[in-house]
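As a plain string of letters, each chain reads:
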Amino acid sequence: MWRSPEPKKSYEAIIIGGGGHGLATAYYLSKEHGIKNIAVIEKGWLGSGNTGRNTTIIRSNYLWNESAFLYDHSLKLWENLSSELNYNVMFSQRGVMNLAHNEHDIKEMKRRISANRLNGLDSLWISKNEIKKLVPIMNTDNLRYPVLGAAFQPRGGVARHDAVAWGFAMRADEMGVDIIQNCEVKSIKTNNGKVEGVETSKGFIRSNKIGVVASGHTSILAATAGIKLPLQSRPLQALVSEPIKPIIDTVVMSNAVHAYVSQSDKGELVIGAGTDGYNSFTQRGGYNIVEDTIRAMVELYPIFGKMKMLRQWGGIVDICPDASPIISKTSIKGLYFNCGWGTGGFKATPGSGDLFAHTIANDEPHKLNAAFNLNRFVSGDLVDEHGAAAVAH
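Presented here is an overview of the structure given in this document. What you are looking at is a predicted structure, and each value in this text was computed from that prediction instead of being measured.

A separate point is the overall build of the protein. Scanning the protein from terminus to terminus reveals 10 helices and 19 strands. The C-alpha atoms of the protein give 21 Å as radius of gyration, which agrees with the globular expectation for 393 residues (21 Å, within 12%). C-alpha extents for the protein along the principal axes are approximately 65 × 40 × 40 Å. Counting every position in the protein, which comprises 393 residues, the buried fraction comes to 59%. Residue pairs at least 24 apart in sequence account for 76% of intrachain contacts in the protein once pairs closer than 6 positions are excluded. Element-wise, carbon and sulfur atoms account for 51% of the exposed surface of the protein, whose accessible area totals about 16,100 Å².

This brings us to the packing of helix H1 (residues 20–33) against helix H9 (residues 349–362). Following both chains from N to C, one finds H1 and H9 inclined at 55°, their axes separated by 7 Å at the closest point. Of the possible angle classes, the one that applies to H1 and H9 is oblique. Here H1 and H9 pass one another in a crossing that is right-handed. From H1, Gly 20, His 21, Ala 24, Thr 25, Tyr 28, Leu 29 and His 33 reach across to H9, where they touch Thr 349, Pro 350, Ser 352, Gly 353, Asp 354, Phe 356, Ala 357, His 358, Ile 360, Ala 361 and Asn 362. Grouping the constituent residues of the contact of H1 with H9 by class yields eight nonpolar, nine polar and one charged.

Taken as a whole and judged by the stated rule, the model has eight aromatic pairs. Here the aromatic rings of Tyr 62 and Tyr 71 are separated by 4.1 Å at their centres, their planes lie at 10°, and the arrangement is stacked. Each of the two residues, Tyr 62 as well as Tyr 71, counts as buried. On the basis of an interplanar angle of 40° and a centroid distance of 5.3 Å, the ring pair of Trp 78 and Phe 346 is categorised as tilted. Within this pair, whereas Trp 78 is found in helix H2 (residues 65–79), its partner Phe 346 is found in the loop between strand E19 (335–339) and H9, the two being separated by 268 residues in sequence. Judged by its relative accessible area of 7%, Phe 346 is buried. Among the aromatic residues, those joined into a ring-pair cluster are Tyr 27, Tyr 28 and Phe 168. When the ring centre of Trp 125 is taken as reference, the NZ or CZ atom of Lys 110 above it lies at 5.1 Å.

The space that makes up the largest pocket amounts to roughly 840 Å³. Only H1, strand E9 (185–191), helix H7 (218–224), strand E17 (309–319) and E19 provide two or more residues apiece to the lining of the largest pocket. Tallying contributions element by element places E17 first for the lining of the largest pocket, with four residues. Of the residues belonging to the lining of the largest pocket, the class tally is 14 nonpolar, 27 polar and six charged. By volume, the second largest pocket is sized at about 430 Å³. Lining the second largest pocket are 21 residues; nearest its centre among them are Thr 56, Arg 160, His 161, Ser 264 and Val 270. Those elements giving two or more residues to the lining of the second largest pocket turn out to be strand E15 (259–263) and E17. Its residues placed into classes, the lining of the second largest pocket shows six nonpolar, nine polar and six charged.

A few words on the nonpolar core. By size, the foremost hydrophobic cluster in this structure holds 45 residues, and its most contacted members are Ile 15, Leu 23, Leu 29, Ile 38, Trp 78 and Phe 168. When near neighbours in sequence (up to four residues on either side) are disregarded, Ile 38 contacts Tyr 11, Ala 13, Ile 15, Ala 26, Leu 29, Ser 30, Gly 176, Val 177 and Asp 178. Membership of the second largest hydrophobic core comes to 27 residues, among which are Ile 14, Ile 180, Val 198 and Val 212.

Where nonpolar side chains cluster on the molecular surface, the patch consists of Ile 294, Val 298 and Met 309 and spans about 220 Å² of accessible area. Topologically, Ile 294 is positioned in helix H8 (residues 287–300). The partly exposed category is assigned to Ile 294, whose relative accessible area is 34%.

Along the chain, Asp 178 falls in strand E8 (residues 178–180). Apart from the residues within four sequence positions on either side, Asp 178 is in contact with Arg 3, Pro 5, Lys 8, Tyr 11, Ile 38, Ala 39 and Val 40. For Asp 178, the side chain forms a polar contact with the side chain of Arg 3, separated by 3.1 Å. Within the structure, the side chain of Asp 178 is placed 2.7 Å from the side chain of Tyr 11, a separation counted as a polar contact.

Criteria and thresholds
Residues numbered from 1 in each chain as written. Predicted model: local features only at pLDDT ≥ 70, side-chain atom pairs only at ≥ 80, totals over all residues. Heavy atoms only, no water. Helix = DSSP H or I, 4+ residues; strand = E, 2+ residues; numbered from the N terminus. Rg over C-alpha atoms; globule rule 2.2 N^0.38 Å. Buried < 20%, exposed > 50% of the residue type's maximum accessible area, 1.4 Å probe, protein only. Contact = heavy atoms within 4.5 Å. Areas by Shrake-Rupley, 256 points an atom, 1.4 Å probe, with all protein chains shown as cover. Axes fitted to C-alpha atoms, helices over the stretch in contact; angles between N-to-C directions. Parallel < 35°, antiparallel > 145°, perpendicular 65-115°, else oblique. Left-handed = near helix turned anticlockwise from the far one by under 90°. Nonpolar A, V, L, I, M, F, W, Y, C, P; charged D, E, K, R; others polar. Phe/Tyr/Trp six-rings, centres within 6.5 Å; stacked < 30°, edge-to-face > 60°. Lys NZ or Arg CZ within 6 Å of the ring centre and 35° of its normal. 1 Å grid on protein atoms, 1.4 Å probe; cavity = no way out; pocket = protein on both sides within 12 Å on 5 of 7 lines; lining within 4 Å. Points joined across faces, edges and corners; volume = space filled by probe spheres on them. Core = buried A, V, L, I, M, F, W, Y, C linked by side-chain atoms within 4.5 Å. Patch = residues over 30% accessible without salt bridge, like charges linked within 9 Å, V, L, I, M, F, W, Y side chains within 5 Å. Salt bridge = Lys/Arg side-chain N within 4 Å of Asp/Glu carboxyl O. Polar contact = N/O pair within 3.5 Å; in protein donor to acceptor, adjacent residues only side chain to side chain.

Structure representation (structure tokens):
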């Protein structure tokens, strides 16, 4: 599918992290900016990090203009991505529903819907009766947090996580990008305020442009270059059920009970939870989170009560104080960071790669990611999306 070369001694650009964001960055650097001598360095195998450990929800209905434009840019790329890559990423626009369980939820969601519509996004309020038509199996009344309505984005949906990584990898490889797996970056080397290269488990590799897209481990790599990032890394858990016949054909999320669900093409229920309440770099979390999530699922969908859980896993998410990402150059010339996506980075994969590639190639941000610079944590110009982050997405 793609080559497995040994690393060269030097590259024009190095991307640290072989997940969806990193591979997309390399693809767009080569395709849109003409940079051909690129290496993507991954300590495991492609997609072994958060790309392969998420619940694949895609939407763009964020509150603030900066976030809405960023995520909708990505959603537009998703809509044509299978054709772009000549590879089926299985993007299914089945709609994403955010449930409201109290008056605060209703006011917050209607505010966000109004902001979305002012920005030209497809976002609407649906009543409890409309929810029941879309999801007949949902228990809307006889539960601790009754369902009062929902925000709904019809263009939202899901995609196949590994297909996204493979598609970008194959097309990047065809353009000459070296994808180097099982090669851990130990540190980023700098000299006189400029990057020199990276020290890896396969030796030193020189480059004057380094983009770091290492999700939960980004802060560790940043520290080796003398940069302290405002990130917290936490486990985020998900699980899937045994496969069953089609029973739910949209994505349903609930912030009040911290649970969300969709059904995969294989028939498995893909269920996600909120983050664990502590910082950690392990790809697992506490059992209490799984128990609370399953309890909420069974209350919302009593029909799920006798189903069996097939497997459970965790990913490491890096979270910024304002629940918005960092796509930025730094005070060190040639060093760039794409991180802080928190619990919903998968939806931004193509847009993130496109904008980060622009930032690396031009040493300046694109207008769509200018607000997501590292300096905002000094200036106070935060993009606070804690409300629209909606549990884990």
